[in-house]
Amino acid sequence: MNTIDRLFGLKGEARVHYKDGEFKVLSPGDFVRCAVTGQIIMLSELRYWNVELQEPYASSAISLNRYVELRKKGRLR
């Protein structure tokens, strides 16, 4: 996020608790960052996350790749 973003209304990064099918905003903000790419995801566009790891993802492909990677390492059930 840069100065222009702050001037035009972005409140900053939210702290979020991810649940099955929904999420709860713990600290106000407009976005979260993808756990893999660092890409900004606006809360209104957030669709993919991992409840067990409490990680958001920018796309379904990133989510699937992360799941497969962690499953191979034995970090996910």
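Computed from a predicted model, the values in this text were never measured in an experiment.

## A word on the nonpolar core
The nonpolar side chains of a soluble globular protein tend to be buried, and buried together.
Inference 1: Core analysis: the largest hydrophobic core is formed by 11 residues, namely Ala14, Val16, Tyr18, Val32, Cys34, Ile41, Leu43, Leu46, Trp49, Tyr57 and Ile62.
Inference 2: When residues no more than four places from it in sequence are discounted, the contact partners of Val32 are Glu13, Ala14, Val16, Tyr18, Gln39, Ile40, Ile41, Leu43, Leu46 and Pro56.

## Regarding helix 2 (residues 60-72)
Three or four residues apart is the spacing at which side chains of an α-helix point the same way, because the helix has 3.6 residues per turn.
Inference 1: Compared with the 18 Å implied by 1.5 Å per residue over 13 residues, the 18 Å span of helix 2 between its first and last C-alpha is a close match.
Inference 2: Turning to helix 2, its buried residues number three or more, namely Ile62, Ser63, Arg66 and Leu70. Taken end-on, helix 2 shows its buried residues confined to a sector of 100°, consistent with a single buried face. Structural note: helix 2 exposes Asn65 and Lys72 on the side pointing more than 90 degrees away from its buried face.
Inference 3: Residue Gly74 follows helix 2 closely and has a positive phi angle near 80°.

## Description of the pairing of strand 1 (residues 15-19)
Inference 1: Because side chains alternate across strand 1, one face comprises the buried residues Val16 and Tyr18, and the other comprises Arg15, His17 and Lys19, none of which is buried.
Inference 2: Taken together, the 5 bridges between strand 1 and strand 2 (residues 22-27) define a ladder with antiparallel strand orientation. Residue pairing across strands places Val16 opposite Val25, the latter belonging to strand 2.
Inference 3: Connecting the antiparallel pair strand 1 and strand 2 is a turn made up of 2 residues, with Gly21 showing a positive phi of about 80°.

## Remarks on the side chain of Arg66
Inference 1: By secondary structure assignment, the location of Arg66 is in helix 2.
Inference 2: When its relative accessible area of 14% is taken as the criterion, Arg66 is described as buried.
Inference 3: Looking at Arg66, its side chain comes within polar contact range of the side chain of Glu55, at 2.8 Å.
Inference 4: Sequence-distant contacts of Arg66, defined by excluding residues within four places in its chain, comprise Val36, Glu55 and Tyr57.

## Brief notes about a nonpolar patch on the surface
Inference 1: A cluster of nonpolar side chains, Leu64, Tyr67 and Val68, forms an exposed patch at the surface whose accessible area comes to about 250 Å².
Inference 2: Turning to its location among the elements, Leu64 is positioned in helix 2.

About the thresholds
- Residues numbered from 1 in each chain as written.
- Predicted model: local features only at pLDDT ≥ 70, side-chain atom pairs only at ≥ 80, totals over all residues.
- Heavy atoms only, no water.
- Core = buried A, V, L, I, M, F, W, Y, C linked by side-chain atoms within 4.5 Å.
- Buried < 20%, exposed > 50% of the residue type's maximum accessible area, 1.4 Å probe, protein only.
- Contact = heavy atoms within 4.5 Å.
- Helix = DSSP H or I, 4+ residues; strand = E, 2+ residues; numbered from the N terminus.
- Expected span 1.5 Å × (residues − 1).
- Arc of directions from axis to C-beta.
- Pairing = 2+ DSSP bridges.
- Polar contact = N/O pair within 3.5 Å; in protein donor to acceptor, adjacent residues only side chain to side chain.
- Patch = residues over 30% accessible without salt bridge, like charges linked within 9 Å, V, L, I, M, F, W, Y side chains within 5 Å.
- Areas by Shrake-Rupley, 256 points an atom, 1.4 Å probe, with all protein chains shown as cover.
- Salt bridge = Lys/Arg side-chain N within 4 Å of Asp/Glu carboxyl O.

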